[in-house]
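Descriptive analysis of the structure
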Amino acid sequence: MPPSQFDLTAGERELIIGPAKYRISYERGVRNGSEALYADHDSEALVIRVSTDAPPQRRPIALLHEIFHALEDQAGLEFTEPQLETISFQLAGILRHNPEMVLDMLRVWGHNV
């Protein structure tokens, strides 16, 4: 099987979020000062960094969390961290447990999956 566009292991990808094209970077040692993070984002540089040190099952949730931060910045919204954690975990669960729904949505939008 060819590697997924989002294999969540290493390297860089692009992701369109609203009107912006973000660079998604999978790398070791994502930090905020001395604090180790699963992911972070920079809305000015249009970069989301996902830590490959994070457990593999946690990386998609961390990516969703940062996507919501990017949407928050673009739309002028303010979520609390607990709200973002809840939304990220819940959406990850929906996507994970309903793959046929996701594929159906992509087909409706013209993707050949």
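Glancing now at the sheet that holds strand β5 (residues 39–42). An order of β1-β2-β6-β5 is seen for the 4 strands of this open sheet, with the pairing classed as mixed. In this open sheet, the two strands that pair with only one neighbour each are β1 (11–17) and β5. The average angle at which neighbouring strand axes cross in this sheet is 20°, direction not considered. Sheet topology note: the strand β2 (residues 20–27)/strand β6 (residues 47–51) ladder contains 5 bridges and is parallel.

Our focus in this paragraph is the pattern of salt bridges. Considering all chains together, one arrives at 7 salt bridges under this definition. Note that Arg 23 and Glu 12 form a salt bridge whose closest N and O atoms lie 2.8 Å from each other. In this pair, Arg 23 is assigned in strand β2 and Glu 12 in strand β1, connecting sequence segments 11 residues apart. With relative accessibility at 33%, the residue Arg 23 sits in the partly exposed group. Judged by its relative accessible area of 47%, Glu 12 is partly exposed. For Lys 21, the salt bridge goes to Glu 14, with nearest N and O atoms at 3.6 Å.

The rules behind each value
- Within any chain, residue numbers begin from 1 and follow the written order of that chain's sequence.
- Per-residue local features of the predicted model are confined to residues with pLDDT of at least 70, and side-chain atom pairs are confined, for both listing and counting, to 80 or more; whole-chain, interface and lining totals are unaffected and use all residues.
- The side-chain quantities take in all heavy atoms of the structure and omit both hydrogens and water.
- Only when DSSP finds a minimum of two bridges between them are two strands counted as paired.
- Every helix listed is a DSSP run of H or I at least four residues long, and every strand listed is a run of E at least two residues long, numbered separately from the N terminus.
- Fitting a line to C-alpha atoms yields each axis, with helices limited to the stretch in contact; the angle taken between N-to-C directions then spans 0 to 180 degrees.
- Put simply, a salt bridge is a Lys or Arg side-chain nitrogen that is within 4 Å of an Asp or Glu carboxyl oxygen.
- Throughout, exposure labels follow a simple rule: accessible area from a 1.4 Å probe, protein chains only, divided by the maximum for the residue type, with under 20% read as buried, over 50% as exposed, and the rest as partly exposed.

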